[in-house]
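# Structure at a glance
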Amino acid sequence: MEKLLSIYNQVNQFGLDNNFDLTIVKPGEIIYKMEVTKKHLATPTAMHVGMIAAMMDGVIGVAGLTTVAEENKLVSTVEFKINYLKPAFLGDSLTGKGKVDHKGNRIIHVSGEIYNQKNELVAKAMGTLNA
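Worth saying up front: this structure is predicted, and the values here are computed from it rather than measured. (Residues numbered from 1 in each chain as written. Predicted model: local features only at pLDDT ≥ 70, side-chain atom pairs only at ≥ 80, totals over all residues. Heavy atoms only, no water.)

### Description of the pairing of strand β1 (residues 21–26)
Every regular strand shows the same layout, with side chains that alternate between the two sheet faces. Examined bridge by bridge, β1 and strand β2 (residues 29–35) share five bridges and lie antiparallel to one another. If you follow Thr23 over to β2, its bridge partner there is Ile31. Joining the antiparallel neighbours β1 and β2 is a turn of two residues, in which Gly28 adopts a positive phi near 90 degrees. (Pairing = 2+ DSSP bridges. Helix = DSSP H or I, 4+ residues; strand = E, 2+ residues; numbered from the N terminus.)

Spelled out as structure tokens, the structure:
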């Protein structure tokens, strides 16, 4: 996993550009963190929901990736459904938690949640990945 984390942190330009901080808890379970900065805003104070969706895609995608990396496989998102429950604001510290719910030979079902620094649920998602 350390090798995966090292490579991923070097090549994931999107994550680098947005200061994502990845922690692999165990295969199939990850934590992603980021701070909402001015470049993430849709209004003078609120984060664009597209950026929340992008973070969520990373949350669920990397959770899936951790289950197939040892097999020298990558994953791609087939689909995901997201519910936005609370806005995120400038300066908020967001924590995304991704978890693999089921791994088949090629299809991986994942779920994710994003919380703010007050531990309030900002968004929740379920998705399907292809390995």
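### Thoughts on the packing of aromatic side chains
Scanning the entire structure with this criterion turns up two aromatic pairs. Plain terms: the ring middles of Phe14 and Phe20 are 5.7 Å apart, the flat faces sit at 80 degrees to each other, and that makes the pair edge-to-face. Take Phe20: its relative accessible area is 12%, and that puts it in the buried class. On the numbers, 4.9 Å between centres and 65 degrees between planes, the contact of Phe20 with Tyr32 is edge-to-face. Of this pair, Phe20 sits in the loop between α2 (13–17) and β1 while Tyr32 sits in strand β2, placing them twelve residues apart in sequence. Taken together, the ring pairs in this structure connect Phe14, Phe20 and Tyr32 into an aromatic cluster. Over the aromatic face of Tyr115 sits the side chain of Lys97, whose NZ or CZ is 5.3 Å from the ring centroid. (Phe/Tyr/Trp six-rings, centres within 6.5 Å; stacked < 30°, edge-to-face > 60°. Buried < 20%, exposed > 50% of the residue type's maximum accessible area, 1.4 Å probe, protein only. Lys NZ or Arg CZ within 6 Å of the ring centre and 35° of its normal.)

### Some details on the environment of Leu94
Position of Leu94 relative to the elements: it lies in strand β4 (residues 93–103). Along the backbone, Leu94 and Glu120 are 26 residues apart, and their C-alpha atoms lie at a distance of 9.7 Å.

### A word on the sheet that holds β4
Within the open sheet, the six strands sit side by side as β1-β2-β4-β5-β6-β3. Their pairing is antiparallel. The sheet is open, and its two borders are formed by β1 and β3 (76–84), each paired with just one other strand. Taken pair by pair, the neighbouring strands of this sheet meet at an average axis angle of 20 degrees, ignoring direction. In the sheet, β2 pairs with β4 via seven bridges, with the strands oriented antiparallel. Residue pairing for β4: Glu35 is matched across the bridge by Ser93. (Axes fitted to C-alpha atoms, helices over the stretch in contact; angles between N-to-C directions.)

### Considerations on the pattern of salt bridges
Opposite charge on two side chains permits them to pair, given that their charged atoms come into close proximity. Inspection of the entire model under this criterion finds four salt bridges. Salt-bridge contacts for Glu29 lead to Lys26; the nearest nitrogen and oxygen are separated by 3.8 Å. Note on Glu29: relative accessible area 27%, which makes it partly exposed. Of the charged contacts in the structure, one is a salt bridge between Glu71 and Lys73, with a shortest N-O distance of 3.4 Å. The partly exposed category is assigned to Glu71, whose relative accessible area is 40%. When salt bridges that share partners are traced, they join Glu71, Lys73 and Lys103 into one network. (Salt bridge = Lys/Arg side-chain N within 4 Å of Asp/Glu carboxyl O.)

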